[in-house]
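Each chain, letter by letter, is given below.
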Amino acid sequence: MHTFVLVVHIILAVLMIGLILVQHGKGADAGASFGGGGAATVFGASGSGNFLTRLTAILTALFFITSLTLAVFAKQQTTEAYSLKSVQTTAPATTNLGETSPSAPKTSE
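Counting of residues starts from 1 at the beginning of each chain's written sequence and follows it residue by residue. This being a predicted model, a pLDDT of at least 70 is required before a residue's local features are given, and a value of 80 or more before pairs of side-chain atoms are given or counted; all residues contribute to the totals for chains, interfaces and linings. The side-chain values count all of the structure's non-hydrogen atoms but skip hydrogen atoms and water molecules.

By the naming in an unreviewed UniProt entry, the protein goes by Protein-export membrane protein SecG and is assigned to Acinetobacter tibetensis. UniProt positions are given in the numbering used here, feature names are shortened, and annotations may be inferred rather than shown by experiment. Regarding the protein, the relevant UniProt record gives this comment under Function (unreviewed entry): "Involved in protein export. Participates in an early event of protein translocation." In UniProt, the protein has this text filed under Subcellular location (unreviewed entry): "Cell membrane".

In structure tokens, the structure reads:
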């Protein structure tokens, strides 16, 4: 599931980049009104802005949703990695206060 969402996320990012680069800016309208040839587009003069703007908004919403989904997946993986559920507990080591280590020098009392 994580891989699928990641692939969709990357595809949406590439589509958004391409779609944004295809659109013309607000400054292009001023040039077209003074006799520039940029007024005739594939989608028509007024329809291109609405269609491309709506498609950009839809792709942006989907990109935002996949971003949040990937963040949730990352949080779950981090929580599982650092949770105390995976730590195995063992009995504490017993310490003998009266004994010394075998390598310690022996003292005569």
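Right, let's get into the environment of Leu59. By the secondary structure assignment, Leu59 is in helix α3 (residues 47–81). Placed 40 residues apart in sequence, Leu59 and Leu19 show a C-alpha to C-alpha distance of 9.4 Å. Those residues in contact with Leu59 that lie beyond four places of it in its chain are Leu12, Leu15, Met16 and Leu19. Comment: elements are numbered from the N terminus, with helices defined as DSSP H or I runs of at least four residues and strands as E runs of at least two. Whether two residues are in contact is decided by their heavy atoms, any of which lying within 4.5 Å being enough.

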